[in-house]
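Understanding the architecture of this molecule
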Amino acid sequence: MSPMPALPATIAALILAPVPAAAAQDAPTAPTAAVAVARVPASAETRATYERMDALSRSLFWATEQEINPADPVAGPKLAQALREIGRYDQAATAAEATLTVQPTNLEAMLELGRAHIARGQAFYGVAPLEKARDQAPRDWRAYSLLGVAYQQVRRFDDARAAWNQALVLSPDNPDVLANAAMAAMTAGDAPGAETLLRRAAAQPTASIKVRQNLAMVLGLQGKTAEAEQILRRDLPPEAAERNLRWLAGRGGADPADQARTWSSLQGG
């Protein structure tokens, strides 16, 4: 038997086209096999690889992971974090809220929701999820540290100090807690108090470059420019150090709260 010749393209197209509804009612039924490509969450290795990438790449990756499995306890908080890091604060809050809708006790989502509201300047809305996180994990210093920032932003100053004190009880000399308390002191106009806290924070082995940069800011705004320049030039490339030094040189007499916020933006958040 000779092989069947190939069908002309026009005939093939007609055969593959949907059958009209009226004709379909009269056509005999036949078993069909539907081929569906199921999407599955990425492997632990793939997730670890993306966690080393920039925030924009991570936001796209974790958005896909959350779409695949809205109940994933990791994807939602990671997405919120990445969005916050690229300045999409409203979207970060939405991502964290979406996670809490299906996982009301997800601690990381509560913390990220609080961070997102603080970052967007609406800390009042972050207080409730952070207080819930504190009550759920009373030994976790992070909730207290973030609550201190939120309370400070809504001018609950005594509550802010109490929250930071408790955070330091749970994690003594934690540089992140000390830095948060220091920047609150700075926005309140207490530069010497902020300097004391930041020196204590910068002395810790786990202190980040951001802690040292904030110390440089506080020193520079008090006229201690030589020490501030030394810190900046040790941690930053020459052009970045020069940019920060120019900023410090032009900030005399500015509002302390504006100084701290602008410096934070200059440092990348």
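Description of the structure in this document. Keep in mind that this is a model prediction, so the values were computed, not measured.

**Here we look at the packing of aromatic side chains**
In the structure shown here, the tally under the stated rule is 3 aromatic pairs. Between Phe61 and Trp62, the aromatic rings sit 4.9 Å apart at their centres with planes inclined by 70°, giving edge-to-face as the arrangement. The exposure class of Phe61 is buried, given its relative accessible area of 9%. Residue Trp62 is classed as buried on the basis of its relative accessible area of 2%. An aromatic cluster is built from Tyr50, Phe61 and Trp62, whose rings are joined through pairwise contacts.

**Structural notes on the side chain of Gln103**
Here Gln103 lies in the loop between helix H6 (89–102) and helix H7 (107–119). For Gln103, a relative accessible area of 13% corresponds to the buried category. Apart from the residues within four sequence positions on either side, Gln103 is in contact with Pro70, Ala71, Asp72 and Pro73.

**A short note on unusual backbone geometry**
Of note in this structure, Arg155 is not a glycine but carries a positive phi near 65°. Mapped onto the secondary structure, Arg155 falls in the loop between helix H9 (141–153) and helix H10 (157–170). Given the relative accessible area of 63%, Arg155 is considered exposed. Unlike most non-glycine residues, Asp173 shows phi in positive territory, near 55°. Along the chain, Asp173 turns up in the loop between H10 and helix H11 (175–187). Classification of Asp173 by relative accessible area gives partly exposed; the value is 29%.

**What to know about the nonpolar core**
Burial of nonpolar side chains together is a common tendency in soluble globular proteins. Within the largest apolar cluster, 64 residues are counted, with the highest numbers of intra-cluster contacts made by Leu111, Leu130, Leu198, Met217 and Leu232. No other element matches the 9 residues that H11 contributes to this core.

**Some remarks on the pattern of salt bridges**
Applying the stated criterion across every chain yields a total of 20 salt bridges. For Arg156, the salt bridge is made with Asp159, and the minimal N-O distance between the two is 2.9 Å. A salt bridge links Arg161 to Asp158, with the shortest nitrogen-to-oxygen separation between them at 2.3 Å. In this pair, Arg161 and Asp158 both sit in helix H10, 3 residues apart, roughly one turn of the helix. Within the structure, one salt-bridge network assembled from shared partners comprises Glu195, Arg199, Lys224 and Glu227.

**So, the environment of Ala160**
Along the polypeptide, Ala160 turns up in helix H10. With relative accessibility at 0%, the residue Ala160 sits in the buried group. Between the alpha carbons of Ala160 and Ala150 there is a distance of 7.6 Å; along the sequence they are 10 residues apart.

**A short note on helix H4 (residues 55–68)**
Compared with the 20 Å implied by 1.5 Å per residue over 14 residues, the 20 Å span of H4 between its first and last C-alpha is a close match. Along H4, the positions that sit buried rather than exposed are Ala55, Arg58, Ser59, Phe61, Trp62, Glu65 and Gln66. Considering only its buried residues, H4 is in contact with helix H3 (44–51), helix H5 (75–85) and H6. The residue sitting at the N-terminus of H4 and contributing the capping side-chain oxygen is Asp54; that oxygen lies 3.2 Å from the backbone nitrogen of Leu56.

Quick notes on the rules
Residues numbered from 1 in each chain as written. Predicted model: local features only at pLDDT ≥ 70, side-chain atom pairs only at ≥ 80, totals over all residues. Heavy atoms only, no water. Phe/Tyr/Trp six-rings, centres within 6.5 Å; stacked < 30°, edge-to-face > 60°. Buried < 20%, exposed > 50% of the residue type's maximum accessible area, 1.4 Å probe, protein only. Helix = DSSP H or I, 4+ residues; strand = E, 2+ residues; numbered from the N terminus. Contact = heavy atoms within 4.5 Å. Core = buried A, V, L, I, M, F, W, Y, C linked by side-chain atoms within 4.5 Å. Salt bridge = Lys/Arg side-chain N within 4 Å of Asp/Glu carboxyl O. Expected span 1.5 Å × (residues − 1). Polar contact = N/O pair within 3.5 Å; in protein donor to acceptor, adjacent residues only side chain to side chain.

Function cannot be inferred from these measures alone, as they are strictly geometric.
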